[in-house]
Amino acid sequence: MVVFQLALGIALALIGWWGRRNAPALARAGPGHQHRTTVLRRGALACQVVALLFVLTAVPSLI
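The following refers to the structure shown. Keep in mind it's a predicted model, so treat the numbers as computed, not measured. (Residues numbered from 1 in each chain as written. Predicted model: local features only at pLDDT ≥ 70, side-chain atom pairs only at ≥ 80, totals over all residues. Heavy atoms only, no water.)

Quick look at the overall build of the protein chain
Within the protein chain one finds two helices and zero strands. Scaling as 2.2 N^0.38, a compact globule of 63 residues should have a C-alpha radius of gyration of about 11 Å, whereas the protein chain reaches 15 Å, well beyond that. Structurally, the protein chain occupies a C-alpha span of about 50 × 15 × 10 Å along its principal axes. Counting every position in the protein chain, which comprises 63 residues, the buried fraction comes to 17%. When contacts within the protein chain are restricted to residue pairs at least 6 apart in sequence, long-range pairs at least 24 apart make up 63% of them. Total accessible area on the protein chain stands at roughly 4500 Å², and carbon and sulfur atoms take up 74% of it. (Helix = DSSP H or I, 4+ residues; strand = E, 2+ residues; numbered from the N terminus. Rg over C-alpha atoms; globule rule 2.2 N^0.38 Å. Buried < 20%, exposed > 50% of the residue type's maximum accessible area, 1.4 Å probe, protein only. Contact = heavy atoms within 4.5 Å. Areas by Shrake-Rupley, 256 points an atom, 1.4 Å probe, with all protein chains shown as cover.)

Pasting the structure below:
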């Protein structure tokens, strides 16, 4: 269970990192492009926060 939780945390962190980095390219061009980019970056940040929580709750279980 702990290994799964750590793996999920790492995967979410990588998805969040990738999403923040590629948000401008993922947002469709046109009106509202800046808003969609901001929303994508916010979602990627949420992935990173959840990943941190997964890792922080799994580490004490290892000890």
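Here's the deal with the side chain of Gln 5
With respect to the element layout, Gln 5 can be found in helix α1 (residues 2-26). Not counting residues within four places of it along the chain, the set of residues in contact with Gln 5 comprises Phe 54, Thr 57 and Ala 58.

Describing the side chain of Thr 37
Within the fold, Thr 37 resides in helix α2 (residues 33-62). Only 2.9 Å separates the side chain of Thr 37 from the backbone oxygen of His 33, close enough to count as a polar contact. Residues contacting Thr 37, with those up to four places away along its chain left out, are Ala 23, Pro 24 and Ala 27. (Polar contact = N/O pair within 3.5 Å; in protein donor to acceptor, adjacent residues only side chain to side chain.)

Some thoughts on α2
Between its first and last C-alpha atoms α2 spans 44 Å; for 30 residues at 1.5 Å apiece the expected length is 44 Å, and the two agree. All buried positions along α2 are accounted for by Thr 37, Ala 44, Ala 51 and Ala 58. Tucked into the core, α2 has its buried residues touching α1. (Expected span 1.5 Å × (residues − 1).)

Side note on the environment of Ala 7
Looking at the element boundaries, Ala 7 is found in helix α1. Separated by 17 residues in sequence, Ala 7 and Pro 24 have C-alpha atoms that sit 27 Å apart.

Some words on the packing of α1 against α2
Contact geometry of α1 with α2 gives a least axis separation of 7 Å together with a crossing angle of 165°. Classified by the interaxial angle, the pair formed by α1 and α2 is roughly antiparallel. Seen along the crossing, α1 lies across α2 with a hand that is left-handed. Of the residues in the contact of α1 with α2, the class split is 19 nonpolar, nine polar and two charged. (Axes fitted to C-alpha atoms, helices over the stretch in contact; angles between N-to-C directions. Parallel < 35°, antiparallel > 145°, perpendicular 65-115°, else oblique. Left-handed = near helix turned anticlockwise from the far one by under 90°. Nonpolar A, V, L, I, M, F, W, Y, C, P; charged D, E, K, R; others polar.)

Focus: the environment of Ala 58
Residue placement: Ala 58 occurs in helix α2. In this structure the C-alpha to C-alpha distance between Ala 58 and Gly 9, which are 49 residues apart in sequence, comes to 9.1 Å. For Ala 58, the residues in contact, after removing those within four places along its chain, are Val 2, Gln 5 and Leu 6.

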